[in-house]
Amino acid sequence: MNFSLSSSPIDAAALQRGLADERAGACATFEGWVRNRNEGQPVRSLEYEAYAPLAQSEGERILAEARAKFSLLGAACVHRVGHLQLGEMAVWVGVTAEHRGAAFDACRYIIDEAKARLPIWKKEHYATGATAWINCATRGEHAAPTAIPPA
Amino acid sequence: MNFSLSSSPIDAAALQRGLADERAGACATFEGWVRNRNEGQPVRSLEYEAYAPLAQSEGERILAEARAKFSLLGAACVHRVGHLQLGEMAVWVGVTAEHRGAAFDACRYIIDEAKARLPIWKKEHYATGATAWINCATRGEHAAPTAIPPA
Amino acid sequence: MMTVSVQYFAILREQRGLSQEQIATETATPAALYEELRARHRFTLPGDRVRAAVNDAFVDPNATLREGDRVVFIPPVAGG
Amino acid sequence: MMTVSVQYFAILREQRGLSQEQIATETATPAALYEELRARHRFTLPGDRVRAAVNDAFVDPNATLREGDRVVFIPPVAGG
């Protein structure tokens, strides 16, 4: 059971090997990737910023909750921080269990809670050069650019 | 969208790279692993046998159903055949989508349908030397050994 | 009387002792053919636990068999 | 009057123009301290969209602040 933040690319294969367990019949994973659009706007890259000590403790708490709720053998989650390009992996979740139902349910629980609770923020860089901190728009716009950098 | 049977170890990393798509924000995968017990009996290894032409067409049908039901960008499934050792990957499912809900739901749909519908059979080899074709027990036993090989 | 080919997998292959054979039969459906073969070879699976495929597609057990059909009886599956 | 340290992230860090500062304040709770800082620095996020952490743990916005506390205001998160 472990959570971590990473400032370098996530090695999903190594993380999954770390979950190897001869008692496990099922391994469910989820990867969040940087995609090229958000709510219709072309995205060039993303920045993730974390409040590290609290993200760490909250991430560990989410994994412990998953272990308590579901019949698991292993669970891990890594979240990137820093500047990510299109297609890069922003978050990885992996869960092993004897049976697939628990593996799927726990994997989804972990990513849902991670997105809702981890003190991590995402700044989108748009093709226009504008940027926006996601979910932080005010004055009624949703995910609209909040700053255009000087030319 | 593709399905295949494989008589050699499944290269999950290569399969997942094949799903890379800058429009995708979510990638959900499921791996079925050979585990060391089934219904309380110690298992040494597994054999998978497939009726290949029908497994292929039924596998493709399942992937097409998933594409019709969920908002996906990509989906793939590979199932092993042959003799597998503990910890080996028996089946891999990978799905990409813009959003994680569709990715999880489709991944689960594909593995559930694959297990229920693909004409693939599994023979367990137990630590005792006995073997059993799973789900084919008769005379009331469930997953009990059906044959002890000559000494 | 017609001739069909029958292919066996998994437990049926082992109980029959071969993978494929040509069968001359008076039966007209996969269900009836399975009962004939089951009696002859002492297959343990009852007919209601076996599905049928003809020419690589699932069929109803009471479909009509035709000369030269390739028939497969499908024991309970266990992929994944 | 007490002194606490305040750490800023994301949109608050950018609007404040720094990551951390010592604040001498008469306020007694994170909620009140946020309103004071929001007025001073023109933060765009209203207080009801900002959570608070003290000494690296989430706290109620009306918790009591103590001398030397490390306070973090948490804008709406967007991990994943």
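Keep in mind the model is a prediction, meaning the values are calculated, not measured.

**Student:** Describe the overall build of chain A, listing the residues and the values that go with them.
**Tutor:** Looking only at helices and strands, chain A features three helices and nine strands. Ordered by position in the sequence, the α and β elements of chain A form the string β-α-β-β-β-α-β-β-β-α-β-β. Considered along the principal axes of its C-alpha atoms, chain A spans approximately 60 × 25 × 25 Å. Looking at chain A alone, contacts between residues at least 24 apart form 73% of all its contacts between residues at least 6 apart. Here chain A displays about 6200 Å² of accessible surface, and carbon together with sulfur accounts for 50% of that area. The centroid of the 16 positive side-chain charges in chain A is displaced by 4 Å from the centroid of its 17 negative side-chain charges.

**Student:** Got a sec to walk through the overall build of chain C? Specific residues and values, please.
**Tutor:** Along chain C, the regular secondary structure elements total two helices and five strands. Since a compact globule built from 80 residues should have a radius of gyration of about 12 Å, the 12 Å found for chain C is in line with a globular shape. With respect to the principal axes defined by its C-alpha atoms, chain C has extents near 35 × 25 × 20 Å. For chain C, buried positions account for 46% of its 80 residues. Entry remark: accessible area of chain C is about 3800 Å², with carbon and sulfur atoms responsible for 47%.

**Student:** Can you explain the interface of chain A and chain D? Please cite residues and give values.
**Tutor:** Contacts between the two partners involve 27 residues from chain A, matched on the other side by 23 residues from chain D. Here chain A and chain D share an interface that buries about 2100 Å² over both sides, 57% of which is from carbon and sulfur atoms. Between Glu49(A) and Arg13(D) there is a salt bridge, with its nearest N and O atoms 2.5 Å apart. Where the side of chain A that touches chain D is concerned, the elements lending two or more residues are strand S4 (41-50), helix H2 (52-69), strand S7 (89-97), helix H3 (100-117) and strand S8 (120-126) of chain A. Looking at the side of chain A that touches chain D residue by residue, the classes come out as 16 nonpolar, four polar and seven charged.

**Student:** A description of the pattern of salt bridges should follow, citing residues and the corresponding values.
**Tutor:** Tallied over the full model, the rule gives 32 salt bridges over all chains. Asp105(A) is paired through a salt bridge with Arg108(B); the nearest N and O atoms lie 3.1 Å apart. On the criterion of chain membership, the pair formed by Asp105(A) in helix H3 and Arg108(B) in helix H3 (residues 100-117) is interchain, its members lying in two chains. On the accessibility criterion, Asp105(A) (37% relative accessible area) is partly exposed. The salt bridge involving Asp112(A) is made with Arg108(A); its shortest N-O contact spans 3.9 Å.

**Student:** Run through H3(B), naming residues and quoting values.
**Tutor:** Between its terminal C-alpha atoms H3(B) stretches 25 Å, which fits the 26 Å expected from 18 residues at 1.5 Å a residue. Among all positions of H3(B), only Ala102(B), Ala103(B), Phe104(B), Ala106(B), Cys107(B), Tyr109(B), Ile110(B), Ile111(B), Ala114(B) and Arg117(B) are buried.

**Student:** Describe the packing of aromatic side chains, and please don't skip the residues or the numbers.
**Tutor:** Taken as a whole and assessed by the stated rule, the structure comprises 14 aromatic pairs over all chains. Where Trp121(A) meets Phe9(D), the ring centres are 5.3 Å apart and the plane angle is 20 degrees; that geometry is what we call stacked. Within this pair, whereas Trp121(A) is found in strand S8, its partner Phe9(D) is found in the loop between strand S1 (2-7) and helix H1 (10-16), the two belonging to separate chains. Grouping residues by exposure puts Trp121(A) and Phe9(D) together as buried. Taken together, the aromatic side chains of Tyr8(C), Tyr34(C), Phe43(C) and Phe73(C) make up a single cluster linked through ring pairs. The ring of Phe58(C) carries Arg51(C) above its face, with NZ or CZ at 3.9 Å from the centroid.

**Student:** Give me the lowdown on the interface of chain B and chain A, citing residues and values where you can.
**Tutor:** In this complex, chain B contributes 32 residues to the contact, which on the side of chain A involves 32 residues. Together, the buried faces of chain B and chain A total about 2800 Å²; carbon and sulfur atoms form 54% of this surface. Viewed at the interface, chain A and chain B are joined by six salt bridges. Taken together, the links from chain B to chain A amount to 15 residue pairs in polar contact (both at pLDDT 80 or more). Across the side of chain B that touches chain A, the residue classes break down as 13 nonpolar, eight polar and eleven charged. In this sheet, strand S2 (residues 26-33) of chain B lies alongside strand S2 (residues 26-33) of chain A in antiparallel orientation, the contact comprising seven bridges. Residue pairing for S2(B): Thr29(A) is matched across the bridge by Thr29(B).

**Student:** Which residues make up the nonpolar core, and what are the values?
**Tutor:** Nonpolar side chains in soluble globular proteins generally cluster together in the buried interior. Counting residues in hydrophobic clusters, the biggest one holds 79 residues, and the most contacted among them are Leu72(A), Val95(A), Ile110(A), Val95(B) and Ile110(B). Look past the residues within four positions of Ile110(A) in its chain and what remains in contact with it is Ile62(A), Leu63(A), Ala66(A), Ala75(A), Cys77(A), Val93(A) and Val95(A).

What counts, and at which threshold
- Residues numbered from 1 in each chain as written.
- Chains lettered and ligands numbered in written order.
- Predicted model: local features only at pLDDT ≥ 70, side-chain atom pairs only at ≥ 80, totals over all residues.
- Heavy atoms only, no water.
- Helix = DSSP H or I, 4+ residues; strand = E, 2+ residues; numbered from the N terminus.
- Contact = heavy atoms within 4.5 Å.
- Areas by Shrake-Rupley, 256 points an atom, 1.4 Å probe, with all protein chains shown as cover.
- Lys, Arg positive; Asp, Glu negative; His and termini not counted.
- Charge placed at Lys NZ, Arg CZ, Asp CG, Glu CD.
- Rg over C-alpha atoms; globule rule 2.2 N^0.38 Å.
- Buried < 20%, exposed > 50% of the residue type's maximum accessible area, 1.4 Å probe, protein only.
- Buried area = accessible area lost by both parts, 1.4 Å probe.
- Salt bridge = Lys/Arg side-chain N within 4 Å of Asp/Glu carboxyl O.
- Nonpolar A, V, L, I, M, F, W, Y, C, P; charged D, E, K, R; others polar.
- Expected span 1.5 Å × (residues − 1).
- Phe/Tyr/Trp six-rings, centres within 6.5 Å; stacked < 30°, edge-to-face > 60°.
- Lys NZ or Arg CZ within 6 Å of the ring centre and 35° of its normal.
- Polar contact = N/O pair within 3.5 Å; in protein donor to acceptor, adjacent residues only side chain to side chain.
- Pairing = 2+ DSSP bridges.
- Core = buried A, V, L, I, M, F, W, Y, C linked by side-chain atoms within 4.5 Å.

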